[in-house]
Amino acid sequence: MSQRLKDFKYIYDKGAGPLSEVELAEEKFEIGNCRLAIQYFLYKTKGLFIPREEILLPKGYRDTGVFVYKEEPIDFDTLEKGDIIYAENLRNKKGELREKKREMFETEDEWILYFHTAVYLGRLDAELREILPEGDYPESVPLIWHSTFIEGGTCAWPLEKFEYFYKPVSIKRVQRV
């Protein structure tokens, strides 16, 4: 495996992730979605392979890992690198409000299916400099890594930018499965 996280184009499609362990290890994929980003990050940085059925929602939300915050205000300073963020969509690519709040859905499962997922990175340090693609990242603010239609692929955003487009709802931590 190479050191840096692989960049891939965002495609929201069942074939765009999550993948098998062999596919992750080979890193031949060129497209993916936010679920693949979670699976790939945990595999690449922590050596954790989480099977497709344990990443996909709503099962991944309910059963994989442990909640650090569940549908409550989040103190991002308490999070660890690699924590999974589950977020409601808040705005579209143009910045127009497109909220996907719980009350807009008939069932909780339907609401959860629309969650965007991302990885909490924390503040820029030597370890992050080694794994993030080359780029100019702010040093004093928490970073979020994800794959999004807004950027058209993988990216590391400052928390403030992430919260402009998405509303974090819950945080989960995954150890060994």
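Further up the page is the structure itself.
Quick summary incoming for the structure in this document. As a convention, each chain's residues are numbered from 1 in the sequence order in which they are written. Local features are withheld for residues below a pLDDT of 70 in this predicted model, meaning they are given only at 70 or higher, and side-chain atom pairs are given and counted only at 80 or more; totals for whole chains, interfaces and linings count all residues. Excluding hydrogens and water, the side-chain values take into account all heavy atoms of the structure.

Among the buried residues, those of types Ala, Val, Leu, Ile, Met, Phe, Trp, Tyr and Cys that are joined through side-chain atoms within 4.5 Å form a nonpolar core. Only protein chains enter the calculation, and the probe is 1.4 Å; a residue is then buried if its accessible area is under 20% of its type maximum, exposed if over 50%, and partly exposed in between. If you look at the biggest cluster of nonpolar residues, it comprises 35 residues, and the most contacted ones within it are Tyr40, Phe41, Leu42, Phe115, Leu121, Leu132 and Trp145. Strands here are runs of E lasting at least two residues and helices are runs of H or I lasting at least four, both read from the DSSP assignment and numbered beginning at the N terminus. Those elements that place two or more of their residues in this core are α2 (34-46), β4 (84-89), α5 (108-113), β5 (116-122), α6 (126-131) and β6 (143-148). Here the element with the most residues in this core is α2; it accounts for 7 residues. In this structure, Ile74, Ala87, Phe165 and Tyr166 belong to the second largest nonpolar core, which totals 17 residues.

On to α2, then. By this rule the span expected of a helix is its residue count minus one, scaled by 1.5 Å. Look at α2: 18 Å from first C-alpha to last across 13 residues, which is about the 18 Å you get at 1.5 Å a residue. Taken across its 13 residues, α2 has 11 buried, putting it largely inside the fold. Those residues of α2 that fall on the buried side of the exposure criterion are Cys34, Arg35, Leu36, Ala37, Ile38, Gln39, Tyr40, Phe41, Leu42, Tyr43 and Lys44. The backbone nitrogen of Arg35 lies 3.1 Å from a side-chain oxygen of the residue at the head of α2, namely Asn33. After α2 finishes, the residue Gly47 shows a positive phi value of roughly 70°. What qualifies as a polar contact is a pair of N or O atoms within 3.5 Å, subject to a donor-acceptor requirement within protein and to the restriction that residues adjacent in sequence count only when both atoms come from side chains.

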